[in-house]
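Letter by letter, the chains look like this.
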2 protein chains.
Amino acid sequence: MRQALDTIAPRPADRERQVTTVVDVARRAGVSAATVSRVLAGRNVVAAATRERVLEAVRALQFQPNAFAQGLRSGRGQAVALLVSDIEQTVYSALTKHVQAALEEIGLDLLLFNLGHRQDRLRGLLERATALRLRGIVIASNDVIPMRELKPLVSALQRQGVSILSIGQRLDRYGIPSVVHEETAAAARAAQYLLDTGRAPIAYLSRIRNSATGQERYRGYLAALKGAGIDVDPALVWDCSYRYAAGYEAMSRALDRRLAFRSLLAASDELALGAMAAALDRGLKVPDDVAIIGFGGIAWGEHVRPALTTLGADPKAIGEHVRDMFRNLLDGGDVPRQTVVKRPLLLRQSA
Amino acid sequence: MRQALDTIAPRPADRERQVTTVVDVARRAGVSAATVSRVLAGRNVVAAATRERVLEAVRALQFQPNAFAQGLRSGRGQAVALLVSDIEQTVYSALTKHVQAALEEIGLDLLLFNLGHRQDRLRGLLERATALRLRGIVIASNDVIPMRELKPLVSALQRQGVSILSIGQRLDRYGIPSVVHEETAAAARAAQYLLDTGRAPIAYLSRIRNSATGQERYRGYLAALKGAGIDVDPALVWDCSYRYAAGYEAMSRALDRRLAFRSLLAASDELALGAMAAALDRGLKVPDDVAIIGFGGIAWGEHVRPALTTLGADPKAIGEHVRDMFRNLLDGGDVPRQTVVKRPLLLRQSA
C-alpha cells in the first residue's frame, strides 16, 4: 500500500524519492486528472479509447492509486478524526464548526476528540486510528508535540492510507501537511502598531515554553522590538497558562510590583480579557493607562467594554483548505506542505 | 429485535406494557445485575451453577437482552453522534467537551454534527444513523423540533437498538429520555431576585417562539411576575435571535423609545453581554441604572466588567448523566425518563 502523503509536492532535495501521481498519469495520457480519477474509480463515463490511453499510462508509470482513494471505494469508514487541545476554548470550537461543515461537503463525517493538552491522549488516539477505520486525522493543537517519538506511528498510518493534517501548528517537517494562521508576522504587526502609537514599553503575556504557536508569536514580539532597537526586558515577558485567570494574575502581579509598561500584547483573547479586568479593577483606564491587544478574534471581544483590539482568525478559510486538501488526497493529487492564512489586526477600543 | 428504550422505568399507566430487564432476571436468579450481564456476554468468570440459575431465569421470564448490548458484542460501531445546535456557542462546546470525556470512560467515541439550527439537517442525520452504524444519538438542541414528523424515524432507530437521548430539551413525551437543566424554575428565581432587590419593572430578552428552552424560561419570568401580582407589559418582552448583536439592538431600541424598566433578564449570556454594551455605550451604569442577569454561566462572564450575574450551568453533571444512561442501556437496565440538573444563580456585579 502506498503512502497518501507521498503525493505532497516534493522539495528539491526529495526529487529522487518523487512519487507518481494522478497528475503525472494525466499528463502522459493527455487527459485531465479528473478523467484519470474517473477511470481508476471504474466509472463508465469515459470513452473507451481515452480509458485505454489512461490505463496504458498507468502501466508505463507503474502508478498505484493511493490507499486513501482506494479506501473510499472499498468501503472504509467515512470519518475524519479532529483532535483539538480544548474544545471549550472558542478558538477550537469555531475551528470545529467550520472543519465539520467543510468536510461534510465532500461526504466526510467528523469524529471529535478533546486532547485536554495531554500527549498520552494524542498517542492513544493515533494508536486507535486503524480500529476506528479512519480516513484521516486532523491535529489541531498548539501544544508542543513530541513528534520524534510519534513519527513511526504517524508514518505507519500514512502507509496504511490514513491522511494526516495539522491545523494551527507547523508539522510539515515531519511529513504532515499543515494549515496555519500567520503567527510570528501577526504578533510583530501588533507590537509594531503599539510602538508606532507610542505605547512602549510593551509587556508580553503568553503560554510560551509549552506552546508551539506561543513560541512563534513570541518571536514576532522579539522581532518588532529588535527592529526598533529596543532590548527585551525579561520582567515584562510573562509566561503563564493561557486562560482568563492567568491573565488576571499576571497583570495584578505586574501592577503590584509597579513595573513600567504602557501596553500589553497577550497571545490569546482570554488572557487579554483577564488582564484587562485586573487593570480596570485597580482603576486604570484602558487604553489610556494601558493599551491591550489580544489574539484570536473571538466573538465576545467585540461586545466587552472597552471592546478588545485583537489579531483575528479565519476558521472558515482553514476549514475550506482542509476540505480541499482531503479532496486532493482523495483524487491522488498534490497538497501543499504548508498553507498560511492571514490574521487581520482588528482595531477596536482597547488599543 | 427489541427496543432499547423500552427499558425506561415505566410510568404507572404503562405498567401493562412493562418489559423484563436484567434487573428482573437478577432478582429471580438471586444474583446481581452485573452477574447477569456477564453470563449474557458469554464470559466464563461466572460459576457454572450460578450461570445455570441465570439462564433458567432468562428462559422463565422470556427475557431478551436488548439490541444495544447485543450490538456491542456483535461488533457494531462504537460511536455516539452528538447533534448540537451551534458548536461555536460556548454552551454547546462546554457540553461537547464533557459528554465526549464521559462517553470515552465507557469506551464510546463521539461523532459531532453541527445542526446550525436546521431541522432538515436533524432529519438527514437521523436517516443516516444506520449507515453510520451508530450506537446512540444525543440531540442537544434548544430549537423547537417537529417531533410528530420525526417520531416514526426515531421509533425505527430505537427498534434497531440505537439509543436516543436528548440534552437540554425535554423530549421524554416522545420516548426520548432527557437530561435537562432546570429552566422555568431558574428563570423564576432570577426574576424573583430582581423583584426582591427593587428592580421592577423587569424587561425580558430571549429567543422565545422558536426555542423550546426559551419558552420554558419565559414561563418562569411570567410566573414570578404573576406571583408578585404584576401584569406583564408586552413592550418589555423582546423576542429576538440569541446572539450578542441581537441583545445590543434590543437594548438600544428600548432606550431610544425611553421605555421604563430597571432591570433585564436575558435568556443567554451572549444576549446579556450585547445588551450591557448598549447600556454602557449610552452612559448608563450597570447595575445602578439597569441591572442585568444572563443565562448560561459562560466562562467569560466572570471576567467582563461589570462581571455578569447569571444562571449557571453544569455541563459536567450532564455529561455524567449521559454516560450513566448509556451504561445502563448497555446493561439492559432502566434509565429515568427525565433528569433535571440544577442551575445556581451566580451573583456577581451586573445585578
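Residues numbered from 1 in each chain as written. Chains lettered and ligands numbered in written order. Predicted model: local features only at pLDDT ≥ 70, side-chain atom pairs only at ≥ 80, totals over all residues. Heavy atoms only, no water.

(A) Inspection of the packing of aromatic side chains at higher detail. Residue and element names in this part refer to chain A. Scanning the model with the defined rule gives 10 aromatic pairs over all chains in all. Ring centres 5.5 Å apart and planes at 40 degrees place the aromatic pair Tyr 204 and Tyr 218 in the tilted group. Linking Tyr 204 in strand β6 (residues 202-206) with Tyr 218 in helix α9 (residues 212-227), this pair joins segments that are 14 residues apart in sequence. Taken as a pair, Tyr 204 and Tyr 218 share a single burial class, namely buried. Among the aromatic residues, those joined into a ring-pair cluster are Tyr 204, Tyr 218 and Tyr 221. Just above the ring of Phe 295 sits the side chain of Arg 217; from NZ or CZ to the centre is 4.1 Å. (Phe/Tyr/Trp six-rings, centres within 6.5 Å; stacked < 30°, edge-to-face > 60°. Helix = DSSP H or I, 4+ residues; strand = E, 2+ residues; numbered from the N terminus. Buried < 20%, exposed > 50% of the residue type's maximum accessible area, 1.4 Å probe, protein only. Lys NZ or Arg CZ within 6 Å of the ring centre and 35° of its normal.)

(B) Summary view of the relation of the copies chain B and chain A. You can overlay chain B on chain A at an RMSD of 0.2 Å; the transform is a turn of 179 degrees with a shift of 0.1 Å along its axis. Between the two chains, the operation in question is that of a two-fold axis. In terms of C-alpha distance to the rotation axis, chain B has Leu 111 of chain B as its closest residue, with the C-alpha 2.2 Å off the axis. When you check the interface residues of chain B against chain A, 100% turn up at the interface there too, and the contact is symmetric in its surfaces. (Least-squares fit on C-alpha atoms with pLDDT ≥ 70 in both. Contact = heavy atoms within 4.5 Å.)

(C) Spotlight on the sheet that holds strand β1 (residues 79-84) of chain A. Taken together, the 12 strands give an open sheet; going across it, the order is β11(A)-β5(A)-β4(A)-β3(A)-β1(A)-β2(A)-β2(B)-β1(B)-β3(B)-β4(B)-β5(B)-β11(B), and neighbouring strands pair in mixed fashion. Looking at which strands have only one partner, the edges of the open sheet turn out to be β11 (338-341) of chain A together with β11 (338-341) of chain B. Neighbour-to-neighbour, the strand axes of the sheet open up by a mean angle of 20 degrees, direction not taken into account. Taken together, the 2 bridges between strand β4 (residues 163-167) of chain A and strand β5 (residues 178-181) of chain A define a ladder with parallel strand orientation. Note on β5 of chain A: the bridge partner recorded for Ile 167 of chain A is Val 179 of chain A. (Pairing = 2+ DSSP bridges. Axes fitted to C-alpha atoms, helices over the stretch in contact; angles between N-to-C directions.)

(D) Expanded view of the nonpolar core. Residues Trp 300 of chain A together with Trp 300 of chain B are the most contacted members of the largest nonpolar core, which totals 56 residues. Breaking this core down by element, the ones donating at least two residues are β6, α10 (244-256), β8 (263-266) and α11 (269-281) of chain A together with β6 (202-206), α10 (244-256), β8 (263-266) and α11 (269-281) of chain B. Non-local contacts of Trp 300 of chain B, meaning those with residues more than four positions away in its chain, are made with Tyr 244, Leu 273 and Trp 300 of chain A together with Thr 90, Tyr 244, Asp 269, Glu 270, Leu 273 and Leu 308 of chain B. Counting 49 residues, the second-largest nonpolar core is a separate cluster that includes Ile 145 and Val 154 of chain A together with Leu 126 and Ala 129 of chain B. (Core = buried A, V, L, I, M, F, W, Y, C linked by side-chain atoms within 4.5 Å.)

(E) Broad picture of the interface of chain B and chain A. With 33 residues of chain B at the interface, the matching set in chain A holds 33 residues. A buried area of about 3000 Å², summed over both sides, lies between chain B and chain A, and 55% of it is on carbon and sulfur atoms. On the chain B side of the contact with chain A, Glu 88, His 303 and Arg 305 of chain B bury the most area, a combined 21% of that side's loss. Asp 109 of chain B is the partner of Arg 128 of chain A in a salt bridge, and the nearest nitrogen-oxygen pair spans 2.6 Å. At the boundary of chain B and chain A, one finds 14 residue pairs in polar contact (both at pLDDT 80 or more). (Buried area = accessible area lost by both parts, 1.4 Å probe. Salt bridge = Lys/Arg side-chain N within 4 Å of Asp/Glu carboxyl O. Polar contact = N/O pair within 3.5 Å; in protein donor to acceptor, adjacent residues only side chain to side chain.)

(F) Looking closely at the pattern of salt bridges. All names here are of chain B. In the structure shown here, the tally under the stated rule is 38 salt bridges over all chains. A salt bridge links Arg 189 to Glu 182; the shortest N-O distance between them is 2.3 Å. Accessibility expressed as a relative area gives 31% for Arg 189, which makes it partly exposed. Between Glu 320 and Lys 316 there is a salt bridge, with the nearest N and O atoms lying 3.1 Å from each other.

(G) Representation of the pairing of β4 of chain A. Residues and elements named next belong to chain A. The buried fraction of β4 amounts to 5 of the 5 residues, a majority that puts the element mostly inside the structure. A two-sided burial pattern is seen for β4, the buried positions comprising Ser 163, Leu 165 and Ile 167 on one face and Ile 164 and Ser 166 on the other. Relative to β4, strand β3 (residues 136-140) is paired through 5 bridges, and the arrangement is parallel. By the bridge assignment for β4, Ile 139 is matched with Ser 166. Taking the sense of rotation as the criterion, the β-α-β connection linking β3, helix α7 (residues 147-159) and β4 turns out right-handed. (Right-handed = clockwise from strand over helix to strand, strands pointing away.)

(H) Representation of the side chain of Asn 142 of chain A. All names here are of chain A. Relative to the helices and strands, Asn 142 resides in the loop between β3 and α7. Judged by relative accessible area, Asn 142 falls into the buried class, the value being 18%. The residues contacting Asn 142, other than those within four sequence positions of it, are Ser 85, Tyr 92, Gly 168, Gln 169, Arg 207, Asn 210, Ser 211, Ala 212 and Thr 213.

(I) Highlighting helix α6 (residues 119-128) of chain A. Taken together, the buried positions of α6 of chain A are occupied by Arg 121, Leu 122, Leu 125 and Leu 126 of chain A. Axial view of α6 of chain A: buried residues confined to an arc of 135 degrees, hence all on one face. Each element contacted by the buried residues of α6 of chain A is listed here: β1, β2 (109-114), β3 and α7 of chain A together with α5 (90-105) of chain B. (Arc of directions from axis to C-beta.)

(J) Layout of the sheet that holds strand β10 (residues 309-311) of chain A. Residues and elements named next belong to chain A. With mixed pairing, the 6 strands of this open sheet are ordered in space as β7-β6-β8-β9-β10-β12. Here the strands that pair on one side only, and so sit at the sheet edges, are β7 (237-239) and β12 (345-346). Here β8 pairs with strand β9 (residues 291-295) via 3 bridges, running parallel. By the bridge assignment, Ser 263 is partnered in β9 with Ala 291. Most of the contacts of α10 go to β7, to which it runs at about 145 degrees, and overall it touches β6, β7, β8 and β9.

(K) Local environment of the environment of Phe 295 of chain B. All names here are of chain B. You can see Phe 295 is positioned in strand β9 (residues 291-295). Classification of Phe 295 as buried rests on a relative accessible area of 3%. Distance from Phe 295 to Ala 272, taken between C-alpha atoms, is 8.0 Å for residues 23 residues apart in sequence. With residues up to four places along the chain from it excluded, the contact list for Phe 295 reads Glu 183, Ala 186, Ala 187, Arg 217, Ala 266, Ala 267, Ser 268, Asp 269, Thr 310, Leu 311 and Arg 343.

Any functional reading would require information beyond the geometric quantities listed.
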